[in-house]
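Okay, here's what each chain looks like letter by letter:
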Amino acid sequence: MSKIRTWLFTINLILLCGMGNAQESEPLLESIDTIQKRVKKPYTLRFGIDLIKPATAQFEKDYFGLELVGDLRLYGDFYIATEIGNEKRTEQSELINFTTAGSYVKLGFDYNMFKNWKGMNNAIHLGLRLCNSFHTQTVNSYETYSLNHYWPTEITQNGFQTGERESLNARWAEVVVGIKVRLIDNFYMGFSLRMNRLFSDTEPNNFDNLYIPGFNRKTDENVWGAGFNYTLTYAIPIRL
Amino acid sequence: MNFRIFFIVCLLIQSSCERDDICLEGTPATPSLIVVFRDYQDTEVKKSVENLVIQGFNQEEILQTFTGDSIALPLRKNFEFSQFKLSFNVDTDSLIADSLQFNYDRFDLYINRACGYKSNYVFKEPSHYLLTKSEGWIQNIEKLKDTISDEQNTHLVIYH
């Protein structure tokens, strides 16, 4: 885990440096561009990947994850935004060892609150997503909960409640706060924080969705969750 | 400048804590077999045992030395039976002992993340064997419940 934190910290540093550069060049642009010209802003298609999931997969052997992200500026400061991902994750949760595998789709919009200079596409954005996951839960092994430990510990490896629970899904919404900063040319780096609110999930037979791909950890107590991503994206201006 | 403040905030939020998963006390766990001791001559009367040594089959340690009229016996999970030896140390030389086998099927129920699963049992037919052929102290055994799903009810009666 500490390796991941180091990794996050490094990425943060890189991002900070990138922003410093961007800001220093701003006053120059202002002094040149004094006449307000009404130019139609190009539609910008931006797509890329989340860096955190592949990085985590490097450090944790029980994890695989990939997330593709994209957004398209539609009108004014509104963007339609999407994330599509796949995760496979094995966890020893107290007495149960289980594997969650599946895909998810998040679709929604972002509103850019950052006033860009002409030609720039940095963003501080606020958005909303509607999300759906399609996943399976597999109980690999477990030890049943007992208060008496007279007999030797007996772990159930097969039969009983072990095995796969198929065709499960979950629906939730995310409130997204994030930033996107230009690194070089058309490459952008982004970070976003997400607050998730679970609406419904199909309950696996005699088990629970302890983890939901895209949503992360589901707790017994409430329907809220959280997540974040670091993205590297490439932007293409489209002039129509 | 706004960007920088935003980033510091982001860094702070990242180091968030996770709630510990502790199975709360009082959550029903895997139940033990509840056995009461009654008088074989007057079957409605409870009859206590004194210094009954209870030992699981193939276990080096004894479960407990028991005095009273009802006891909880933990059952094995990866076997469809559990065997116990119930013996009195009358004096150092002689020993009155009976061995019992309980037969059951196990099924597991999901509780929650922290507690995981608990096991319940259903008695098979026959529910028990008295393994000692010679004269022991147990006169009769009666099954009261078919399923062992909690420890509130008596599952089995031993008449002695």
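Note that the coordinates shown come from a computational prediction; the quantities given were computed from them, not determined experimentally.

Draft legend 1. Structural view of the overall build of chain B. In terms of helices and strands, chain B carries one helix and 10 strands. Buried residues in chain B amount to 21% of all 160 residues.

Draft legend 2. Just the overall build of chain A, in detail. A tally of helices and strands in chain A yields three helices and 10 strands. In sequence order, chain A lays out its α and β elements as α-α-β-α-β-β-β-β-β-β-β-β-β. Across the 240 residues in chain A, those meeting the buried criterion constitute 30%. For chain A, long-range pairs separated by at least 24 residues make up 65% of all intrachain contacts whose partners lie at least 6 apart in sequence.

Draft legend 3. A look at the sheet that holds strand 6 (residues 163-182) of chain A. All names here are of chain A. Here we have eight strands rolled up into a closed barrel, ordered 1-2-3-4-5-6-7-10, and antiparallel in their pairing. Strand-to-strand twist of the sheet, defined as the mean angle between neighbouring strand axes without regard to direction, takes the value 25 degrees. Note: strand 7 (residues 187-201) against strand 10 (residues 224-238), 11 bridges, orientation antiparallel. Considered in strand 10, the bridge of R194 is made with G227.

Draft legend 4. Representation of the environment of L63 of chain B. Mapped onto the fold, L63 of chain B is located in the loop between strand 2 (49-56) and strand 3 (64-68). Once the C-alpha coordinates of L63 of chain B and P74 of chain B are considered, the two residues, 11 residues apart in sequence, prove to be 9.2 Å apart. Residues contacting L63 of chain B, with those up to four places away along its chain left out, are Y150 of chain A together with I54, Q55 and G56 of chain B.

Draft legend 5. Just the confidence of the model for chain B, in detail. Residue and element names in this part refer to chain B. For chain B, per-residue confidence averages 80 on the pLDDT scale, and 82% of positions sit at 70 or higher. Of the regions scoring below 50 in pLDDT, residues 14-18 engages in one contact with residues more than four places distant in sequence or in other chains. In the predicted assembly, ipTM is 0.74 and pTM is 0.75.

Draft legend 6. Inspection of the pairing of strand 6 (residues 96-112) of chain B at higher detail. Residue and element names in this part refer to chain B. Sheet analysis places strand 5 (residues 81-88) next to strand 6, joined by eight bridges and oriented antiparallel. For L86, the partnering residue across the bridge sits in strand 6 and is D98. Bridge analysis of strand 6 against strand 7 (residues 116-130) gives 11 bridges, and the strand direction is antiparallel. Following the sheet pairing, L100 is matched in strand 7 by L130.

Draft legend 7. Geometry of the pairing of strand 1 (residues 43-50) of chain A. Residues and elements named next belong to chain A. As defined by bridge partners, strand 1 adjoins strand 10 across eight bridges and the pair is classed as antiparallel. Pairing of F47 across the sheet is with Y234, part of strand 10. Sheet topology note: the strand 1/strand 2 (residues 63-75) ladder contains five bridges and is antiparallel. Along strand 2, the bridge assignment pairs L45 with L72.

Draft legend 8. Fine view of unusual backbone geometry. Following E125 of chain B, the chain continues into P126 of chain B via a peptide bond in cis, with omega recorded as -5 degrees. Mapped onto the elements of the fold, P126 of chain B is located in strand 7. Even without being glycine, D185 of chain A reaches a positive phi, approximately 45 degrees. With respect to the helices and strands, the residue D185 of chain A is situated in the loop between strand 6 and strand 7. A tally of 8 C-beta atoms within 10 Å means that D185 of chain A is categorised as exposed. Unusually for a residue other than glycine, N206 of chain A sits at a positive phi of about 55 degrees. Within the secondary structure, N206 of chain A is located in the loop between strand 7 and strand 8 (211-212).

Draft legend 9. Inspection of the confidence of the model for chain A at higher detail. Residues and elements named next belong to chain A. Of the residues in chain A, 84% reach a pLDDT of 70 or more, and the chain-wide mean stands at 84. Looking at the elements of chain A, mean pLDDT is at its lowest for helix 2 (residues 26-32), recorded as 53, and at its highest for strand 4 (residues 96-112), recorded as 94. Considering only residues more than four positions removed or in separate chains, one finds that residues 20-25, a stretch of pLDDT under 50, has three contacts.

Draft legend 10. Seen up close, the sheet that holds strand 1 (residues 33-38) of chain B. Residues and elements named next belong to chain B. Strand order in the open sheet formed by four strands is 4-1-10-8, with mixed pairing between adjacent strands. Each edge of the open sheet is held by one strand with a lone partner, namely strand 4 (70-73) and strand 8 (140-143). Direction aside, the axes of adjacent strands within the sheet are offset by 25 degrees on average. Relative to strand 4, strand 1 is paired through four bridges, and the arrangement is antiparallel. If you follow V36 over to strand 4, its bridge partner there is S70.

Draft legend 11. Broad picture of the environment of S70 of chain B. Residues and elements named next belong to chain B. Examined against the element boundaries, S70 turns out to sit in strand 4. On the neighbour-count criterion, S70 (15 C-beta atoms within 10 Å) is partly exposed. In sequence terms S70 and I158 are 88 residues apart; their C-alpha atoms lie 9.6 Å from each other. In contact with S70, not counting residues within four places along its chain, are I34, V35, V36 and T154.

Draft legend 12. Region of the structure containing the environment of N51 of chain B. All names here are of chain B. Checked against the element boundaries, N51 lands in strand 2. On a C-alpha basis, the gap between N51 and A29 in space is 27 Å, while along the polypeptide they are 22 residues apart. Discounting residues that sit within four places of it in the chain, N51 has contacts with T65, T67, F88 and N89.

Cut-offs applied
- Residues numbered from 1 in each chain as written.
- Chains lettered and ligands numbered in written order.
- Predicted model: local features only at pLDDT ≥ 70, side-chain atom pairs only at ≥ 80, totals over all residues.
- Helix = DSSP H or I, 4+ residues; strand = E, 2+ residues; numbered from the N terminus.
- Buried ≥ 20, exposed ≤ 12 C-beta atoms within 10 Å, placed from the backbone.
- Contact = placed C-beta atoms within 7 Å.
- Pairing = 2+ DSSP bridges.
- Axes fitted to C-alpha atoms, helices over the stretch in contact; angles between N-to-C directions.
- pLDDT = per-residue confidence, 0-100.

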